Amino acid sequence: VSINAGSMSVSDVAASVRRRSVSAVEIVGDALGRIRRLDPALNAFTVVLEGDALAAARQVDAALDRGKAAGPLAGVPVAVKDIIDVAGVPTACGSTILKDQAAHDAPVVASLRAAGAIIVGKTNLHEFAYGVTTINPHTGTTRNPWDLTRIAGGSSGGSAAAVAAGLCCAALGTDTGGSVRIPSALCGIVGFKPTYGSVSCRGVVPLAWSLDHVGPMTRTVADAAVMYAAMNPGRAYEAPTVPGSVTGTRVGLIRPWLEAAAPEVAGRVADAVSVLAGAGAEVTDIDIAHLETWRTAFAMIQLPEASAFHLPWLRTRAGDYGLDVRQRLLAGALLPATAYLAGQRGRTRLRDALCEIFARVDVLVAPTVLVPACPISTETVRVGFKDMDVRTAFMGFNPVISLAGAPAISVPCGFVAGLPVGMEIIGRRFEDARVLEVAAAYEARTPWSTHRPPDPRPD
Amino acid sequence: MTPGQVNALAASLGLRIHSEDLDGVAAQVNAWLERLGALEALIGDAEPATRSEPERGT
């Protein structure tokens, strides 16, 4: 077996380690070597846990030597967004405010370790996960592996760049309004936001309590499914059939969302929908009314929840935040309680509306992002004939899906001018398996998951 | 809200807004309050003024 943690799938790594054709130490050593060589150009990691990772890999190998059964992630190098607790490592959230070492692993990290995963480091993010660019005044900007002059997206930008560049096999991200799906689309990987509440958020620094999700970020849908299963031990979980069939699956294309995207992006997603139709899916156009207003409902919840969490530091250490995050937090603190309640009532209306839509279709599809990754210094981007601020353009309508708590996955669906774009597949709440199956069925019929960015040249 | 009103509201909550942030924060607050109107209108249209029978309690 040639050792290449940069291109092997999660399942291939674990299977190779289990049958002893490669050791966990060799796999993890390869990933650490890639991080050493390539991360200076990407800035995907804030902390590399070289010693801990090699020690954990030796334990996996030793357990196999003793004839012990190895888990589904045996020896798999995994990175963790630096908003999730890893025992003995500070959870800094890309800030200068938080510095304390975590006493324990977050349960989701502990579950991955129990499945054999090796945590190789913690990844960069937009400060406190409150932004979509991973341009961070404290930890630096994470660069897109497909074009180092462009953003990786965010807020889980470090996790996306690390997976795309093959610095690890999989990573954990968090998603409040698109923070797993957006950087995954911009970096050409798979990002899965499970149903709200299906993965524990304990040990995760909150952005907005009622909207936060933890999700896997991987190079293939099958890898996302394996990671998701490992993140949910002991839960009743319907494992997806990967690759799945879409014969007879009713797919609703969210027409207003598609039409809001740049024409080149919309074209790639339309092509992807044709692939699903060719595989036997029944495709219809769907109009979700009031998309803009649902986006407002999301903001009316996210803004006050984030500000409420940060209020003590806003009072005493406001100067320690970067300008964009500070202004957003201050604005959220000043909204009236009636705005928050309007957001909550809006959430109920949205869920009702989606229930009606999901009576007619099994999944919804749309462009994950309206435009490909923009240059790092850009403040506005052109979407079709409109100039939009970067935050609005890249969040798109992802917050609407977060508000509904529905499972959603971004899968690579092609390139625009050499930059990846993604298709989002959205399901009914708790039908995570179906979302993964449709994504896998699409992926199996297209070449996009095999495309890798060139290794960045060291400076 | 004017920047002055934003500043006063912030002060009442124990928050200090520096001059470099004031215009940006005021612009964000006003933009969201403006958009809130559409959300309130949508909710208002969808809900009757009186609560539905099962919610009245016994």
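Residues numbered from 1 in each chain as written. Chains lettered and ligands numbered in written order. Predicted model: local features only at pLDDT ≥ 70, side-chain atom pairs only at ≥ 80, totals over all residues. Heavy atoms only, no water.

S.K.: How would you summarise the overall build of chain A if you had to cite specific residues and measurements?
M.R.: Within chain A, the secondary structure is distributed over 15 helices and 15 strands. Computed over its C-alpha atoms, the radius of gyration of chain A comes to 20 Å, within 12% of the 23 Å expected for a compact globule of 459 residues. For chain A, contacts bridging at least 24 residues in sequence account for 75% of all contacts bridging at least 6. Accessible surface, chain A: about 15400 Å² in total, of which carbon and sulfur atoms supply 53%. Put simply, chain A has 42 plus and 41 minus side-chain charges, and the middle of one group is 2 Å from the middle of the other. (Helix = DSSP H or I, 4+ residues; strand = E, 2+ residues; numbered from the N terminus. Rg over C-alpha atoms; globule rule 2.2 N^0.38 Å. Contact = heavy atoms within 4.5 Å. Areas by Shrake-Rupley, 256 points an atom, 1.4 Å probe, with all protein chains shown as cover. Lys, Arg positive; Asp, Glu negative; His and termini not counted. Charge placed at Lys NZ, Arg CZ, Asp CG, Glu CD.)

S.K.: Break down the overall build of chain B for me, citing the residues and quoting the values.
M.R.: In terms of helices and strands, chain B carries two helices and zero strands. Across the 58 residues of chain B, 22% fall into the buried class. (Buried < 20%, exposed > 50% of the residue type's maximum accessible area, 1.4 Å probe, protein only.)

S.K.: Explain the pattern of salt bridges to me, and be specific about the residues and the numbers.
M.R.: Taken as a whole, this structure holds 22 salt bridges over all chains when the rule is applied. Here Arg295 of chain A makes a salt bridge to Glu292 of chain A, at a shortest N to O gap of 2.7 Å. Of this pair, Arg295 of chain A and Glu292 of chain A are both found in helix 10 (residues 291-317), three residues apart, which corresponds to roughly one turn of the helix. Under the relative-accessibility criterion, Glu292 of chain A is labelled partly exposed at 38%. A salt bridge links Arg35 of chain B to Glu292 of chain A, with the nearest nitrogen and oxygen atoms 2.9 Å apart. Here Glu292 of chain A lies in helix 10 and Arg35 of chain B lies in helix 2 (residues 19-46), a pairing that spans two chains. The structure contains a network of salt bridges with shared partners spanning Arg250, Asp362, Arg428, Glu431 and Arg434 of chain A. (Salt bridge = Lys/Arg side-chain N within 4 Å of Asp/Glu carboxyl O.)

S.K.: Describe the interface of chain A and chain B, with residues and values.
M.R.: Contacts between chain A and chain B engage 29 residues on the former and 24 residues on the latter. Both sides together, the interface formed by chain A and chain B hides about 2400 Å², and carbon and sulfur atoms give 67% of it. The largest contributions to the chain A side of the interface with chain B come from Gln327, Leu334 and Arg349 of chain A, which together make up 26% of the buried area. On inspection of chain A and its partner chain B, the count reaches three salt bridges. The shortest N-O distance in the salt bridge between Glu20 of chain B and Arg326 of chain A comes to 3.1 Å. Summed over the shared surface of chain A and chain B, the result is six residue pairs in polar contact (both at pLDDT 80 or more). Looking at the side of chain A that touches chain B, the elements with two or more residues in it are helix 10, helix 11 (323-333) and helix 12 (337-358) of chain A. Looking at which element gives the most residues to the side of chain A that touches chain B, the answer is helix 10 of chain A, with 12 residues. (Buried area = accessible area lost by both parts, 1.4 Å probe. Polar contact = N/O pair within 3.5 Å; in protein donor to acceptor, adjacent residues only side chain to side chain.)

S.K.: Give a detailed account of the side chain of Ser111 of chain A, specifying residues and quantitative values.
M.R.: All names here are of chain A. Relative to the elements of secondary structure, Ser111 occurs in helix 4 (residues 107-114). Among the residues examined, Ser111 registers a relative accessible area of 15% and is labelled buried. Residues in contact with Ser111, not counting those within four places in the same chain, are Ala230, Met231 and Pro233.

S.K.: Account for the nonpolar core, with residues named and values stated.
M.R.: Ile84, Leu172, Leu364, Phe394, Ile409, Met423 and Ile425 of chain A are the most contacted members of the largest nonpolar core, which has 181 residues in total. The dominant element in this core, judged by the number of residues it contributes, is helix 10 of chain A, at 10 residues. (Core = buried A, V, L, I, M, F, W, Y, C linked by side-chain atoms within 4.5 Å.)

S.K.: Report on the confidence of the model for chain B, specifying residues and quantitative values.
M.R.: A residue-level look at chain B finds 78% of positions with pLDDT of 70 or above and a mean pLDDT of 87. Interface confidence for the predicted complex, given as ipTM, is 0.89, next to a pTM of 0.95. (pLDDT = per-residue confidence, 0-100.)

S.K.: Hey, could you go over helix 4 of chain A for me, with residue numbers and the actual values?
M.R.: Residue and element names in this part refer to chain A. Taken together, the buried positions of helix 4 are Val108, Val109, Ser111 and Leu112. Viewed end-on, helix 4 has its buried residues packed into an arc of 160 degrees, placing them on one side of the element. Elements in contact with the buried residues of helix 4: strand 2 (77-81), strand 3 (118-123), strand 6 (170-175), strand 8 (213-218) and helix 7 (221-231). Count one or two residues on from helix 4 and you reach Gly116, which has phi positive near 105 degrees. (Arc of directions from axis to C-beta.)

S.K.: Can you tell me about the packing of aromatic side chains, naming the residues and giving the values?
M.R.: Residue and element names in this part refer to chain A. By the definition in use, this model includes eight aromatic pairs over all chains. Judged by centre distance (4.9 Å) and plane angle (65 degrees), the ring pair of Trp146 and Phe415 falls under edge-to-face. Residue Trp146 is located in the loop between strand 4 (143-144) and strand 5 (147-151), and its partner Phe415 is located in strand 14 (residues 408-416); the two are separated by 269 residues in the primary sequence. Judged by its relative accessible area of 18%, Trp146 falls in the buried class. In this structure, Arg328 packs its charged tip against the face of Tyr130, placed 5.4 Å from the ring centre. (Phe/Tyr/Trp six-rings, centres within 6.5 Å; stacked < 30°, edge-to-face > 60°. Lys NZ or Arg CZ within 6 Å of the ring centre and 35° of its normal.)

S.K.: I'd like to hear about the environment of Thr133 of chain A, residue by residue, with values.
M.R.: All names here are of chain A. By secondary structure assignment, the location of Thr133 is in the loop between strand 3 and strand 4. Take Thr133: its relative accessible area is 11%, and that puts it in the buried class. Each residue touching Thr133, except ones within four places of it in the same chain, is listed here: His126, Ile151, Ala152, Gly153, Gly154 and Val390. A polar contact is formed between the side chain of Thr133 and the side chain of His126, at a distance of 3.3 Å. Among the polar contacts made by the side chain of Thr133, one reaches the main-chain amide nitrogen of Ile135 at a distance of 3.1 Å.

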